Amino acid sequence: MERYLAHIAENGREQTVKEHLDGTAKLCGGFAEAFGAGRLGWMVGEAHDIGKYSAPFQRRIREKDVATDHSTAGAQQAAGIWGPPAAYCIAGHHGGLPDGGCRTDVPGQPTLSGRLKKQVAPYNAFSTEVTLSRVPVQIPHVMGRGGFTVSFWTRMLFSCLVDADYLDTEAFMQGSPPPRGRRLEADVLLERLKTYVAPWWDAKTELNQVRCQILRACLDVGTQPPGLFTLTVPTGGGKTVSSLAFALRHAREHGKKRIVYVIPFTSIIEQTADKFREILGDEMVLEHHSNVDYDDTEEADAETRRKKLATENWDMPVIVTTAVQFFESLFSNKPSRCRKLHNLADSVIIFDEAQTIPLPYLKPCVRAIAELTVNYGASCVLCTATQPALGPLFREVSPQLTLREIAPEIDPAVFRRVTYHHIGKLSDEDLAARLNGHTQALCIVGTRKRAQAVYDLLEREGSFHLSTLMTPNHRRSVLAEIRRRLKAGQPCRVVSTSLIEAGVDVDFPVVYRSEAGLDSEIQAAGRCNREGRRPAGESMVYLFQPDGTYTAQLPHALKRPLETARQVTRDCAALDDPEIIERYFSTLYQYEGEALDQKNIVPRLEAGAQDNSYPFRTVAEKFRLIENDTRTVLIPRSDDARALADRLREGERSRALLRQAAQESVNIYPQHFDTLNALGALEILDENVTILRDCTRYNEQTGLALLSDSGVGIFL
């Protein structure tokens, strides 16, 4: 009998198709068992590569001939035996989950309908080695019209298959399974945390006593049954460590497999991951975002290589990642991005700063959290100082989704360290005059253009500017000088865009904030009297209205929250009152309505229930938490940046190099890019790499010069 091969290693070792199918089936079935689909997962693993029994594929693998389609055969078998979900998974296990298409699709179209009609090379020999049996296909608890639930379940099954396929192939190619993953030993890690916080319990001040009260509540509530939770802790309440305490206690009590932290901003991620490593140990924490690149060369140590591999499927005890990485993976169709999804089952997932989920994608994100909670055994925690009013949105999905608050009821006055004061409209000149009158002050405005304009009116000694028109490395050096001056009591006046609200640890005696969404205004207040060393009555947060020119330029995503906050907080001094926050978010969501799902993600997927035609590829293209309509320009302002530019000019390209270059780059809108290019200020190497040729366009105080009034948007 002919020996049918799936893979040939560099040293000539051979893996048969049967060996690969069995190895993949075992892994896939084990992964899918976490959500009750173990038997189907096994069968999908057995069927995924049966197209490799065809003569064209066997010729290709032996003779390195042209590529052949080997996934359609398995999809056609799966459709007839187990139905569309299994067929989607097998059809897309290399190229990605396809759109379902429609009955009129012609054979060979890149939809599932077209693939199922496609004529493929004979692969009948599979039946002599592989038995494909019917197994029950148990769709989980259906919510809504059912389409979203089935499509989510399909993507989770797809995750099991592609991860199993990668892992089995990797183990064969390398001769043995590489060092991957680590089991969550919640009891061990919980003891490490208890040791870390032990000195805190003997609290002397009222503030520290309340922090201990919150921490104790998190440990106690961790014993409650799995489900959907909120953790509402004012700024300064210690929610980072307290939320970890809940997660570890909950994981120990209920056997959860891992803890995933979903955080909106990389500045917060880095400090959160550092804190977790300090408490739990470096080997327990995987930090996964665009600014981290683990070395996987031969020179790297085993632990670094393990983490590099774990970024592919999140097989680690504690993962700290971005909201973009998390949610875009949940709506992706690509095998590489979906590999990790099955490892979210039976986990504790903490959504830090939950109020920052972008409004245009709020409904699909809520639906995804609901699915993970109800059908995949995850316990999800919405963690924030300004809890959004998401209860009604969850109840729309399922009446059984009730939010349980973890923190005890705390008088907000305990954490109140500032006094808010509305001061009406201010021109740039009036604002600059006020700032010049302070020794130390922070001003946060809504646009990069206004940040530059106000800064230009400040006294130069002790004045600083921060915006995303400065490179990340430039901003870090400026922030270091700002912190030094604040600590030394030296003059320090800063005008910034909202980027400074994103977890940046600075402490000013007074803050001016251009009116914005209520959560942004409260975040700004967190930069005033942060350490509580001054009386609240002497720590002022002045809220002012920008003039009409700037307001008109704000995009809807910023204008609507500003108008809602103005309406809700009129004549209100305590902006951080829980009732005011509840009213703000309820009003905002009511105003937005269908705009909470701007790309119609949920209706598209729900409609698939009619004929099992799910637009996986279309949804993946449309779901973008951050719209990528900017161009990146490398600024060669330092020796290191110039060296990176030279390497890029020589044609060198790698993920690590591009990540280094990103720290010396600025993202700008197309209008700004085109203007600079027309002036001959840019050196465009390729579609993704551009270098600023005329460095006089970059100011060491304010960054890249804005050359037009267009291109105002959301930059954090």
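Predicted model only: the values in this text are computed from it and were never measured.

(A) Inspection of the pattern of salt bridges at higher detail. What the rule picks out here adds up to 46 salt bridges. Taking the shortest distance from any N to any O, the salt bridge between R513 and E501 comes out at 2.7 Å. Taken together, the residues span a long stretch of sequence, with R513 in strand β14 (residues 510-514) and E501 in the loop between β13 (492-496) and β14 at a distance of twelve residues. Side by side, R513 and E501 carry an identical accessibility label, which is buried. Because the salt bridges share partners, they merge into one network encompassing D163, E170, R180, E312 and R339.

(B) Here's a closer look at the side chain of Q452. Its location among the elements puts Q452 in helix α18 (residues 448-455). Within polar-contact distance, the side chain of Q452 engages the backbone oxygen of L704 at 3.3 Å. With sequence-adjacent residues up to four places away left out, Q452 is seen in contact with H465, L469, T702, L704 and L706.

(C) Representation of helix α12 (residues 302-313). Between the first and last C-alpha of α12 there are 17 Å, a value that for twelve residues agrees with the 16 Å anticipated at 1.5 Å per step. In this fold, the buried residues of α12 make contact with α7 (147-174), β5 (285-288) and α27 (655-662). Directly beyond the C-terminal end of α12, a positive phi value near 60° is found at W314.

(D) View of the state of the cysteines. Enumeration according to the criterion identifies zero disulfides in this entry. This cysteine, C160, is not joined by any disulfide, and C28 carries the nearest cysteine sulfur, 5.4 Å off. On the basis of relative accessibility, which here comes to 0%, the residue C160 falls in the buried class. For the unlinked cysteine C218, the closest cysteine sulfur is that of C383, found at 7.9 Å.

(E) Region of interest: the sheet that holds strand β3 (residues 228-232). With parallel pairing, seven strands are arranged side by side in an open sheet as β5-β6-β4-β7-β8-β3-β9. Each end of this open sheet is capped by a strand with a single partner; those strands are β5 and β9 (404-405). Across five bridges, strand β4 (residues 259-263) lies against strand β6 (residues 318-322) in parallel orientation. Paired with I263 across the two strands is T322, which belongs to β6.

Thresholds, definitions, all that
Residues numbered from 1 in each chain as written. Predicted model: local features only at pLDDT ≥ 70, side-chain atom pairs only at ≥ 80, totals over all residues. Heavy atoms only, no water. Salt bridge = Lys/Arg side-chain N within 4 Å of Asp/Glu carboxyl O. Helix = DSSP H or I, 4+ residues; strand = E, 2+ residues; numbered from the N terminus. Buried < 20%, exposed > 50% of the residue type's maximum accessible area, 1.4 Å probe, protein only. Polar contact = N/O pair within 3.5 Å; in protein donor to acceptor, adjacent residues only side chain to side chain. Contact = heavy atoms within 4.5 Å. Expected span 1.5 Å × (residues − 1). Disulfide = S-S within 2.5 Å. Pairing = 2+ DSSP bridges.

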